[in-house]
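# Fold and geometry: a report
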Amino acid sequence: MRRVAIVGAGMTPFAEHFHLGIKDLLPMAVSEAVAHVDKGFDRKDIQAAWFGELVSTDGFAAGVMADSCGLLDIPVTRIENACATGNDTLRNAFYAVSSGHVDVALVVGGDKVRETSSRATFWEWMSMTRDQAWDYPLGLVAPANFALHAQRYLHESGATREHMAMVAVKNHKNAVPNPKAQLRFEISIEKVLAAPPVVTPFGLLDCTPQSDGAAALIIVAEHLAEKYTDKPIWVRGVGLGVDRVMHQHKQDMTTFPATVRAAKAAYAMAGVGPGDIDVAEVHDCFTAVEMISYEDLGFVDRFGAAKALEAGETSIGGRIPVNPSGGLKAKGHPPGATGIAQCVEIVEQLRGVASNQVDGARTGMAHNIGGPTAVSAVTILSTDVS
Amino acid sequence: MAHLQVLATHQPCWGSDARRVVGYDEDALTLAVAAGRAVVEHAPDAVTSVVLVTRDLPGLEGGTEAILLAGLGLPSSTRCSVVLGGAPAALDAISTGAPGTLVITADVEPAAGAGAALLGTSGAELGAVGRSEGSLPLKVRNTSGGTFDYDDPRLQRVRGTNAALDRLALDDKPIAVAGLGAKDAASLVQGSPAALPTTGASSVVFALADALERSAAGLVTAVEQATACVARLASGSTAVLRSARAARPFPKTQLGADASIAISLPAYERAFDSKLGLQAGQCATCGTLALPPRHRCIECGSEDPHPLTPLPRDGVVYTAVSVHVPVPGLRTPYDLAIVELGDTGVRLLTPVTGGEPATTAIGDAGTLVLRRLAVRHGIPDYGYAFEPTEGATP
């Protein structure tokens, strides 16, 4: 198995890009990743591409990506794995490079969520992601999937809505200096608690916005890394975990077993543990999801998330800063792009050039959970080759 | 001569004591199941055939009988028929039915309620005396739901009710008159029967239940426009089951913009027996229950056939949320819960019904009741909703 390095990373701003289509966003992200390669990069070097998109827009995904980015001479494969699409796309490309079949690969993620009315999106996406007979007619809207977990989590852990609000406050603060973030303003705990309810226990400010955007990575085999950069970021571990799809079958809803499985695989491949992670981008589509994920990723003990937030352990300057980019909560969440963009942030962190730099970060993690809550993908990146 | 083994009445919780109305997730079928199910639970294995009498069928086609039997928890092989009729048809069906027949009556308009009568070999006797059909179409409903109302109460009284009863030449004043409002009935009956909550088919069961509770015996009549039916009730021992939660107004909700929710009829048909009968697949190898049923056992991996087995209809909330944002086609706020059924370990994701939204809490106990969960492309989609036990939440 060959080692794999990220040599270029780029992304569009995350926003409601009403004026840009998926065919605009994808080449924008790819061009930024190409321009990001220190020692220059010729697109002709790309031997294969993987494209993560949750919902096809303007045509079938792989074709739209290849066509819009001018990549007609290489194989392009679409990856879709719910909200874990981004990190899973990198995982699939990683295997091709590490196995020796591909030396230089392009990894792209993108989604155009705001292409339909925000009201219509509810039913359109639900019909694809719920059991047609059992769940779909009930009105199990996206926030409700996670809220069912959050209610049980609050009930058992003793954590409160105030702790959830601390996540939102932290991530909004982190987004302010990030030029790519969608919601660049600070909020207060009082404001989060007073926001209109969406699905209990989530108020409006506990929820990710709806976002459009794209992100891209260029990954290469170890022997080519120094041709492109003196500062390669090594893909040390990738992991994917799944769980029962219907909530009825999830025995303990205070945890996401998919995350536990994905993290276990990624840690094992990387040869590191939770204590080695200096900075993490964690899937915070809803505030409580970040809290549960602290525990599933091993950053804190079971039901220890509230205390960690109270102590500021996951803030910049804390023991393990989480979502320095602003996270899904404030940076935004175009699902296919989300995981790739998390890796863009970690690359910047490990190179010491992030907008919210975590001092001395050498090893970082990116994490997605989706499906809803039935698939997770985790990536561990490091400045250290082993 | 029929014997009334069990009577059950059911009133939806919505509206006022004077007039109950159906909730947004109820119709004549869900009311019928509520009344009939009480009888089936009281006398398991006693029912051999089912007759539903109503004029408020939610649809003329679409497997009404199958939905009814599944909701009642009866085998699909049970003989089942639907009679389009009001109070006289109901009294006729009850007084002439064979033992083992479950006659269910359900009304939506003008007031909602349902009743069920299980005929057996013991219990109070009800014998048919006579009937007379007449035509005085003061109110007409066409098949698309349009109504014509002649609106002449005096004509109804003189040439409808009175003329029909005259034709029957009763030798006694009846002890109960079903099918009429309290005021119209008062002058026609002896004694002081309770005001009946409905005026359609179910008013017969309400009248019989009231008569049995006050140990009255004698003639019972049922009237609809210019049609009447009469039977004689003798005293006897009949179980009378009442179900009526405290009446309450509709909660304040907001209806999201209209939305046509797609339906997959293959998915509907595959799920039907399990979803409407609330039955789990049971692994033939290890006994593990699966809801919905699955090809491969969630516990042992066996792919042997998994026969369906009924689940308990009582449950406790494992987790619950309230949806507050507008959702196209739905009324918000609404609650969703994951409910653990009895002590089976099986959980079901359900809407919460029969109370104020945003009050469902973890640990609440209640029952699973058949409801119309959605109307998808015009097709009613039935399934189970969780109704918290009264008083369990504020």
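Higher on the page you've got the structure.
Cut-offs and rules
- Residues numbered from 1 in each chain as written.
- Chains lettered and ligands numbered in written order.
- Predicted model: local features only at pLDDT ≥ 70, side-chain atom pairs only at ≥ 80, totals over all residues.
- Helix = DSSP H or I, 4+ residues; strand = E, 2+ residues; numbered from the N terminus.
- Rg over C-alpha atoms; globule rule 2.2 N^0.38 Å.
- Buried ≥ 20, exposed ≤ 12 C-beta atoms within 10 Å, placed from the backbone.
- Contact = placed C-beta atoms within 7 Å.
- Pairing = 2+ DSSP bridges.
- Axes fitted to C-alpha atoms, helices over the stretch in contact; angles between N-to-C directions.
- Parallel < 35°, antiparallel > 145°, perpendicular 65-115°, else oblique.
- Left-handed = near helix turned anticlockwise from the far one by under 90°.
- Nonpolar A, V, L, I, M, F, W, Y, C, P; charged D, E, K, R; others polar.
- Expected span 1.5 Å × (residues − 1).

## Section: the overall build of chain B
Looking only at helices and strands, one finds seven helices and 24 strands in chain B. Its C-alpha radius of gyration of 22 Å places chain B within 12% of the 21 Å reference for a compact globule of 394 residues. Structurally, chain B occupies a C-alpha span of about 70 × 45 × 40 Å along its principal axes. A buried classification covers 48% of the 394 residues belonging to chain B.

## Overview of the environment of A163 of chain B
All names here are of chain B. With respect to the helices, strands and loops of the structure, A163 is situated in helix α4 (residues 153-168). In sequence terms A163 and C297 are 134 residues apart; their C-alpha atoms lie 65 Å from each other. Setting aside residues no more than four positions away along its own chain, A163 makes contact with G134 and A226.

## Re the sheet that holds strand β18 (residues 308-310) of chain B
Residue and element names in this part refer to chain B. Pairing is antiparallel in the open sheet, where three strands are placed in the order β17-β16-β18. Where the open sheet ends on each side, the last strands, each with one partner, are β17 (289-290) and β18. One ladder, built from two bridges, connects strand β16 (residues 279-282) with β17; its direction is antiparallel. Opposite Q282, over in β17, you have L289 as the bridge partner.

## Let's talk about the pairing of strand β7 (residues 113-120) of chain B
Residues and elements named next belong to chain B. A large share of β7 lies buried, amounting to seven of its eight residues. As paired strands, strand β1 (residues 2-11) and β7 are joined by seven bridges and run antiparallel to one another. Across the sheet, V6 pairs through a bridge with L118, a residue of β7. Bridging between strand β6 (residues 101-107) and β7 involves six bridges; their strand directions are antiparallel. Of the residues in β7, the one forming a bridge with A106 is A114. Where β6 folds back onto β7 in an antiparallel hairpin, the turn is made up of five residues.

## Some thoughts on the packing of helix α1 (residues 28-42) of chain B against helix α2 (residues 64-72) of chain B
All names here are of chain B. The N-to-C vectors of α1 and α2 enclose an angle of 40°; their axes lie 8 Å apart at closest approach. With respect to α2, the element α1 is oriented oblique. Viewed along their axes, α1 and α2 form a crossing whose handedness is right-handed. Residues L29, A32, V33, G36, R37 and V40 of α1 form the contact with α2, whose participating residues are T64, I67, L68, G71 and L72. Each residue belonging to the contact of α1 with α2 can be placed in one class, and the counts come to seven nonpolar, three polar and one charged.

## Comments concerning the interface of chain B and chain A
In this complex, chain B contributes 37 residues to the contact, which on the side of chain A involves 27 residues. Top element by residues in the side of chain B that touches chain A is strand β19 (residues 314-323) of chain B. It accounts for six residues. Per-class residue counts for the side of chain B that touches chain A are 28 nonpolar, four polar and five charged.

## Concerning the pairing of strand β24 (residues 379-388) of chain B
Residue and element names in this part refer to chain B. Summarising burial for β24: eight of the ten residues are buried, a large majority. Here strand β23 (residues 365-376) runs beside β24; their pairing, made up of ten bridges, is antiparallel. Each bridged residue has a counterpart across the sheet, and for V375 the counterpart in β24 is P380. Connecting β23 to the next strand, β24, in antiparallel fashion are two residues, including H377 with a positive phi near 50°.

## A short note on helix α5 (residues 142-157) of chain A
All names here are of chain A. Taking 1.5 Å as the rise per residue, α5 with 16 residues should run 22 Å; its terminal C-alpha atoms sit 23 Å apart, in good agreement. Here α5 lies mainly inside the structure; 13 of its 16 residues are buried. Of the residues trailing α5, G158 is marked for its positive phi of about 85°.

## What to know about the sheet that holds strand β4 (residues 104-112) of chain A
Residues and elements named next belong to chain A. Across the sheet, nine strands lie side by side as β3-β2-β4-β7-β1-β8-β11-β10-β9; this open sheet has mixed pairing. Edge strands, defined here as strands with exactly one partner in the open sheet, are β3 (76-79) and β9 (279-281). Adjacent strand axes in the sheet meet at a mean angle of 25°, parallel and antiparallel pairs treated alike. Note that β9 and strand β10 (residues 363-370) share three bridges and pair parallel. By the bridge assignment, V279 is partnered in β10 with G364. Seen against the sheet, helix α2 (residues 61-69) touches β2 (48-52), β3 and β4 and runs at an angle of roughly 130° to β3.

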